[in-house]
Amino acid sequence: MLQRVAVIGAGAAGLCAARHILSRLNSFAPPVVFELTDKVGGTWCYDERVGTYDNGLPVHSSMYRDLKTNLPKEVMMFPDYPFDPKLNSFLPHQEVQRYLEGYCQSYNILPHIRFNTVVESVKPVGMTTEGGESRTTWKVTSSDPSGHRKTETFDSVFVCSGHYSHPHTPDIPGIENFKGKVLHSHVYRYAEPFSGQSVVVLGAKASGLDISIELAKVGAQVTLSHGRPRFTFPLPPGIRQSSPAVAVDEDGSIHFQDGSVGTADVLMFCTGYNFKYQFLDGAELGLEIQDQLVSPLYRFMMPPAFPSLFFIGLCKMICPFPNFNCQVQFALAVLDGSVTLPSVAQMEDEVRRELKEKVEQGVQQRHLLIMEQNQWEYCQTLARIAGFPPLAPVVRSLYEEVWWQRRVHPENYRRLNYRLVSDTQWELIE
Ligand code: FAD
């Protein structure tokens, strides 16, 4: 019997899942991809709207108008589908959207996507096969544009719904007293409305730094407030650094951790996103779904008790598309039986042990899904166990080079262009 797989989301992760399922039609039926918007691309689908779509659902993408990728196309790509070689290394978001549309076309994914269809619930159901073996199937309930609800049964579910849509805003006591505008980068689209204003940007990771630079270019006075080590490289004129904002006074002034006090027209939270899976009942799956952590997940993908449900792309600080590509191939190898999993108890133990070790090393709870340097070994391990080609070493080496360039030249690193010379070597192009 061919296995039926539901894929939730037609962003990069969902398209990658569909592409690999479609290449294994001896084991799998063509997938059903549920997509709540009317386009593929997820995050890369820029939408000037903020708030809600016409159907009342919240706008998914956090993309802003002038965003350029922070990874060069040479490492950002799916390893089996390069970007157009004529393009520069760092791309405007429209090019990534075009790339994903091309991927979709090349692998003939489009006919398998149900657009404007929201997955509302995913529930495990125990069943006994003819051979007396017990296994889980999944009841997936979705609603189409006319509001018509449908429940279908699948053998497996890939959760590819993304995690950059639900703003995370840390508590700042007294914030209700702030007299200006408060917003999150999720609803930031372009800089012009902030021209001439004083803006406190909270958070200095990728978006915080990028948005600060955009704001400074249109003449905003930016205070980049963050708890990371002070950047020692020169920031563009118009941006100054400060310690984290810790409170807002009754008169609306902002208190910073170092004791300084300031005022501003705008407070912009660039403080990341929360995990939210409205269609899942964590307790039913033996999972704790918190704002910054989903646990326990074996190999950062499956609830040990339900290893036919896969979260693709959950980890943070990764090279996303190559990571999705590895996770999807591993998941399919689990489903087609080429990878045998340990027992439920062993998987649970392993995850809990790993998390405990990280906590003992001082990793905060909200950072437990940050992968950074561990991502390479993780991807290699998945490839080795499931028997698919590992990521070429050049992906890591160029990724790390760009990571460093970004820290030192946050304003200019995107001017560089690279070329892959071999599986192990890249070069800078003049
Ligand atoms: P998404 O792209 O979010 O796609 C999820 C899809 O699921 C969406 O289409 C959504 O509509 C759909 N969906 C959600 N819930 C449901 C539901 N209940 N029913 C049906 N459909 C549903 N990565 C890089 O590699 N390079 C970069 O330069 C880079 N820059 C970024 C900049 C920003 C501002 C952000 C937010 C992210 C950036 N990323 C970057 C990370 C980026 O999110 C990933 O590269 C990748 O696009 C994530 O893909 P995804 O499929 O996991 O999620």
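An unreviewed UniProt entry annotates the protein as Flavin-containing monooxygenase originating from Larimichthys crocea. The UniProt entry for the protein carries the following comment under Sequence similarities (unreviewed entry): "Belongs to the FMO family." Recorded under Cofactor (unreviewed entry), the UniProt text for the protein is reproduced unchanged: "FAD".

Caption draft 1: Structural context of the overall build of the protein. If you tally the helices and strands in the protein, you get nine helices and 22 strands. Relative to a compact globule of 430 residues, whose C-alpha radius of gyration would be 22 Å, the protein shows 22 Å and is just as compact. Each of the three principal axes of the protein carries a C-alpha extent, and together these read 70 × 50 × 50 Å. Within the protein, the proportion of its 430 residues that are buried is 51%. Sequence-distant contacts in the protein: of pairs separated by 6 or more residues, those separated by 24 or more amount to 62%. Here the protein has roughly 19,900 Å² of accessible surface; of this, 51% comes from carbon and sulfur atoms. The average position of the 39 basic charges and that of the 46 acidic charges among the side chains of the protein differ by 2 Å.

Caption draft 2: Spatial organisation of the nonpolar core. Judged by nonpolar contacts, the single largest core of 123 residues is most densely connected at Phe78, Val122, Phe158, Leu215, Met268, Phe311 and Phe321. No other element matches helix α6 (residues 320-335), which puts ten residues into this core. Taken domain by domain, this core gets at least three of its residues from each of domain 1 (5-165 + 273-393) and domain 2 (170-269). Core analysis: the next-biggest nonpolar cluster, separate from the first, contains eleven residues, Leu202, Val248, Ala264 and Phe269 among them.

Caption draft 3: Spotlight on the sheet that holds strand β15 (residues 261-262). Across the sheet, three strands lie side by side as β13-β14-β15; this open sheet has antiparallel pairing. Looking at the sheet topology across the chains shown, the edges are occupied by β13 (245-248) and β15. Bridging between β13 and strand β14 (residues 254-256) involves three bridges; their strand directions are antiparallel. Directly across from Ala247, in β14, lies its bridge partner His255.

Caption draft 4: Looking closely at the domain arrangement of the protein. Each assigned domain of the protein is listed here: domain 1 (5-165 + 273-393) and domain 2 (170-269). Taking only C-alpha atoms, the centre of domain 1 and the centre of domain 2 are 32 Å apart. Counting from both sides, the interface comprises 18 residues of domain 1 and, opposite them, 13 residues of domain 2. Summed over both partners, the interface of domain 1 with domain 2 comes to about 1,300 Å²; 47% of that surface belongs to carbon and sulfur atoms. Of all residues in domain 1, the largest losses of buried area upon contact with domain 2 belong to Tyr64, Arg65 and Tyr273, amounting jointly to 44% of the total for that side. Inspection of the region where domain 1 meets domain 2 yields one salt bridge. As a salt-bridge pair, Glu192 and Arg65 come within 2.8 Å of each other at their nearest N and O atoms. For the pair domain 1 and domain 2, the number of links is ten residue pairs in polar contact (both at pLDDT 80 or more). The class makeup of the residues in the side of domain 1 that touches domain 2 is eight nonpolar, five polar and five charged.

The rules behind each value
- Residues numbered from 1 in each chain as written.
- Predicted model: local features only at pLDDT ≥ 70, side-chain atom pairs only at ≥ 80, totals over all residues.
- Heavy atoms only, no water.
- UniProt positions renumbered as here; feature names shortened; annotations may be inferred.
- Helix = DSSP H or I, 4+ residues; strand = E, 2+ residues; numbered from the N terminus.
- Rg over C-alpha atoms; globule rule 2.2 N^0.38 Å.
- Buried < 20%, exposed > 50% of the residue type's maximum accessible area, 1.4 Å probe, protein only.
- Contact = heavy atoms within 4.5 Å.
- Areas by Shrake-Rupley, 256 points an atom, 1.4 Å probe, with all protein chains shown as cover.
- Lys, Arg positive; Asp, Glu negative; His and termini not counted.
- Charge placed at Lys NZ, Arg CZ, Asp CG, Glu CD.
- Core = buried A, V, L, I, M, F, W, Y, C linked by side-chain atoms within 4.5 Å.
- Domains from an automatic or database assignment.
- Pairing = 2+ DSSP bridges.
- Buried area = accessible area lost by both parts, 1.4 Å probe.
- Salt bridge = Lys/Arg side-chain N within 4 Å of Asp/Glu carboxyl O.
- Polar contact = N/O pair within 3.5 Å; in protein donor to acceptor, adjacent residues only side chain to side chain.
- Nonpolar A, V, L, I, M, F, W, Y, C, P; charged D, E, K, R; others polar.

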